[in-house]
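Coordinates in review
The residues making up each chain are set out below.
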Amino acid sequence: MTPGAVVRPASTEEVSRILRFANDEAITVIPRGGGSSLQGEVIPKADSIVVELMRLDRMALHENLRSVTVGAGVTYGVLDKFLKPNDLWVPIYPESSLVCTVAGNVAVNGAGPGSSTYGSIAEMVLGLEVVLPNGEIIQTGSEANPNAPGPFMRYAFGPDITGLFIGSLGSLGIITKVSLKVFKRMHHFDYNTYGFDDSSKAERFLLELRNNDVNALFATLYEGRILNFFMDMLGDEYGIPKHEWPAYTVSVTIGRTREDQLISDAEEAKRICSELGGEVIGVRELPRGEWTDRMWVFARSSYAHGWHWRILYHHQTPINWHKSIDEIWKVMDKYGLLGHTAGFLTDHSSYNLYPMIFFDPADKEEEQKARRAHAELALRLYETGAVPFKLAPYWVDGVKDLERYIEFVKSVKRLLDPKGIMNPGVMAGV
Ligand SMILES: Cc1cc2nc3c(=O)[nH]c(=O)nc-3n(C[C@H](O)[C@H](O)[C@H](O)COP(=O)(O)OP(=O)(O)OC[C@H]3O[C@@H](n4cnc5c(N)ncnc54)[C@H](O)[C@@H]3O)c2cc1C
């Protein structure tokens, strides 16, 4: 859809003036960062104003506060380059890091490599500067106090107002600045693969890595058949040796700031694997590829192959990983569709899965079939206890026991955006 206008503000004040005007005239606004969202949230509506935020590109490091503040146009790639000379990093990277903005990722509450230890990006956020739909500017976290030395505490001044905007998909206001935690950069890594003959052992392995404080920055559980599929596609590019993969493989990158910690963690991972009756496979190229090229390679490969897909991001507990996998295969079989599933351990006790359902965009019937399969899968996953990390409309359709929650979300939206100008329809269909 062609928008009515595209504007490229260079300051928070300009964003504020744009929103005040749009609100007065009741014009729809679509905030846009890197435009890399995979679920169409930045597709303009007719006669809307697209507010492209890439000119908000300032960064400020607060070294003594272990934090950094970035404008809404700063990508993870640019931020990483900025922090590197100080031997610092933000340890979570979406695989779209070279194009996706930090603010856009906060707006979707993304996750990625690094999340297996640190959680989703929400866990890094110390405060936000937000322009509300009526043009008012608010600051959350410790920086709400203009005398504060900078961002050092998110849960300041009562309820977690910062959290209100995380995952709000541009439907409650425009985030113009994000303040994040920074950490000392890690230089010690261990890469390894661990094989299991049944999913419950592999799931238990993931849980025990967390229980024993093994600093697994990125831990991915692959079904053998999916791993073979990935290896056909990417194995040569990554230099991954041919291997007879077992039924379940866990690919793990452990990272530490100190070498003695790393050695201890690597030994612990092997011990846990053996105690569970698993096999230390020792193919290191797979996790090494995942981690060292975390900012782009795996994701690029999907595009290079020209697929079209519908994706269904969700979180499941590691111990119930198989429940998601079972439902995904059932739906693929029922609709006769192709797809695959990737994912990674995320945070305290969650596993982030993203099944993809492929279709040929030239075949409208197949596309409709993929849509129906997608909607059914969302319902089935919900019934297994899974939760979405984006409150996309297909997660709420038909889920009766969410009605009260959704009504509350709608009332928050009405309160902040009574004219409904901000990216309508993307969050819970509101
Ligand atoms: C190859 C590839 C790999 C990917 N890998 C990952 C991954 O590992 N992890 C992950 O989480 N995602 C991943 N994604 C999805 C995507 O990159 C993320 O959703 C990303 O956070 C979007 O950021 P963006 O700057 O491109 O935002 P956009 O796509 O421009 O916008 C996304 C949403 O946020 C809103 N928005 C954007 N900026 C603002 C703002 N400043 N204030 C308020 N609302 C705003 C938009 O309105 C829209 O609803 C991947 C995408 C691609 C193409």
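As the structure is a computational prediction, the values presented were derived from the model and not from experiment.

1. Brief notes about the overall build of the protein chain
A tally of regular secondary structure across the protein chain gives 14 helices and 18 strands. Against the 2.2 N^0.38 benchmark of 22 Å for 430 residues, the protein chain shows a C-alpha radius of gyration of 22 Å, consistent with a compact globule. Viewed in the frame of its principal axes, the protein chain has a C-alpha envelope of about 65 × 55 × 40 Å. A burial count over the protein chain gives 45% of its 430 residues as buried.

2. Focus on the nonpolar core
The biggest cluster of nonpolar side chains holds 102 residues, and the ones touching the most others in it are V125 and I175. A per-element tally of this core places strand β12 (residues 216-223) first, with six residues. Here I175 is in contact with A72, A103, V106, A107, L128, V130 and F165, once residues within four sequence places are set aside.

3. Here we look at the site of the ligand
Around the ligand, a shell composed of 33 residues is seen, among which G33, G34, G104, G110 and G170 lie nearest. If you list the elements that add at least two residues to the shell around the ligand, you get β2 (29-32), α3 (102-108) and β9 (174-181). Among the residues making up the shell around the ligand, the classes are represented as 17 nonpolar, 13 polar and three charged.

4. Overview of helix α6 (residues 199-211)
The first and last C-alpha atoms of α6 sit 18 Å apart over 13 residues, in line with the 18 Å expected at 1.5 Å per residue. Buried within α6 we find A202, E203, R204, F205, L206 and L209. Positioned one or two residues after α6, D213 has a phi angle of 55 degrees, which is positive.

5. A closer look at the environment of Q139
On the secondary structure map, Q139 appears in strand β8 (residues 137-139). Taking the C-beta count within 10 Å as the criterion, Q139 has 21 such neighbours and is therefore assigned buried. Sequence separation between Q139 and A103 is 36 residues, and the spatial gap between their C-alpha atoms is 14 Å. If sequence neighbours within four positions are ignored, Q139 has contacts with G127, E129 and A144.

6. Let's talk about the sheet that holds strand β3 (residues 49-52)
Strand order in the open sheet made by the three strands is β1-β3-β2, with parallel pairing throughout. The sheet is open, and its two edges are formed by β1 (5-7) and β2, each paired on a single side. With strand direction ignored, the average angle separating the axes of adjacent strands in the sheet is 20 degrees. Taken together, the three bridges between β1 and β3 define a ladder with parallel strand orientation. Its bridge partner being in β3, A5 is matched across the sheet by I49. Sheet strands touched by helix α1 (residues 12-25): β1, β2 and β3. Its angle to β3, the strand with the most contacts, is close to 165 degrees.

7. A closer look at the domain arrangement of the protein chain
Split into domains, the protein chain comes out as domain 1 (5-184), domain 2 (188-297) and domain 3 (307-390). Placing a centre on the C-alpha atoms of domain 1 and another on those of domain 3 gives a separation of 28 Å. In this assembly, eleven residues from domain 1 lie in contact with eight residues from domain 3. Taken together, the residues of the side of domain 1 that touches domain 3 sort by class into four nonpolar, seven polar and no charged.

8. Describing the sheet that holds strand β14 (residues 279-280)
Taken in spatial order, the four strands of this open sheet run β12-β13-β11-β14, and their pairing is antiparallel. This sheet does not close on itself; its edge strands, each paired only once, are β12 and β14.

9. Some words on unusual backbone geometry
The backbone phi angle of A26 is positive, close to 55 degrees, even though this residue is not glycine. Among the structural elements, A26 can be located in the loop between α1 and β2. A positive phi angle is found at R66, which is not glycine, with a value near 55 degrees. Along the chain, R66 falls in the loop between β4 (59-62) and β5 (67-71). The class of R66 is partly exposed, set by 16 C-beta atoms lying within 10 Å.

10. What about the pairing of β2?
Residues V29 and P31 line one face of β2 and the alternating positions I30 and R32 line the opposite face, and both faces are buried. Direction of pairing for β2 relative to β3: parallel, over a ladder of four bridges. When the bridges of β3 are listed, P31 appears paired with V51.

11. Focus on the packing of α6 against helix α8 (residues 259-275)
In the contact formed by α6 and α8, the axes pass within 10 Å of each other and the chain directions differ by 145 degrees. Relative to α8, α6 is oriented so that their crossing is right-handed. Contacts between α6 and α8 pair F205, E208 and L209 from the former with A269, I272 and C273 from the latter. Along the lines of polarity and charge, the residues of the contact of α6 with α8 split into five nonpolar, no polar and one charged.

12. Looking at the pairing of strand β11 (residues 188-196)
The element β11 is largely enclosed, with a buried count of seven among its nine residues. Inspection of the sheet shows β11 paired to strand β13 (residues 248-256) by nine bridges, in the antiparallel sense. If you follow F196 over to β13, its bridge partner there is Y248. Pairing between β11 and β14: two bridges, direction antiparallel. Bridging from a neighbouring strand, Y194 pairs with V280 of β14.

So, how was this worked out
All chains use their own residue numbering, which begins from 1 and follows the written sequence. It should be noted that, the model being predicted, local features are given only for residues of pLDDT at least 70 and side-chain atom pairs only at 80 or more, the latter also being counted only at that level, while totals for whole chains, interfaces and linings use all residues. Starting at the N terminus, helices and strands are each numbered in turn, a helix being any DSSP run of H or I of at least four residues and a strand any DSSP run of E of at least two. Computation of the radius of gyration draws on C-alpha atoms, with the globule rule given as 2.2 Å multiplied by the number of residues to the power 0.38. The exposure label follows from counting other C-beta atoms within 10 Å of a residue's C-beta, where the C-beta atoms are placed from the backbone and the thresholds are 20 or more for buried and 12 or fewer for exposed, leaving partly exposed in between. The term nonpolar core means buried Ala, Val, Leu, Ile, Met, Phe, Trp, Tyr and Cys residues held together as one set by C-beta atoms within 7 Å. The contact rule is simple: place each C-beta atom from the backbone, and if two of them lie within 7 Å, those residues are in contact. Any residue whose backbone-placed C-beta atom lies within 6 Å of a molecule or strand is treated as near that molecule or strand. The nonpolar class holds Ala, Val, Leu, Ile, Met, Phe, Trp, Tyr, Cys and Pro. Asp, Glu, Lys and Arg form the charged class, and all remaining residues, Gly among them, are polar. Helices are assigned an expected span. That span is 1.5 Å times one less than the residue count. Two strands are said to pair when DSSP picks up at least two bridges between them. In this analysis an axis means a line fitted to C-alpha atoms, helices contributing only their contacting stretch, and an angle means the value between N-to-C directions, from 0 to 180 degrees. In this document the domain limits rely on a domain assignment from an automatic tool or a database. Left-handed is the label given to a crossing in which the near helix is rotated counterclockwise from the far helix by less than a right angle, and right-handed is the label when the rotation is clockwise.

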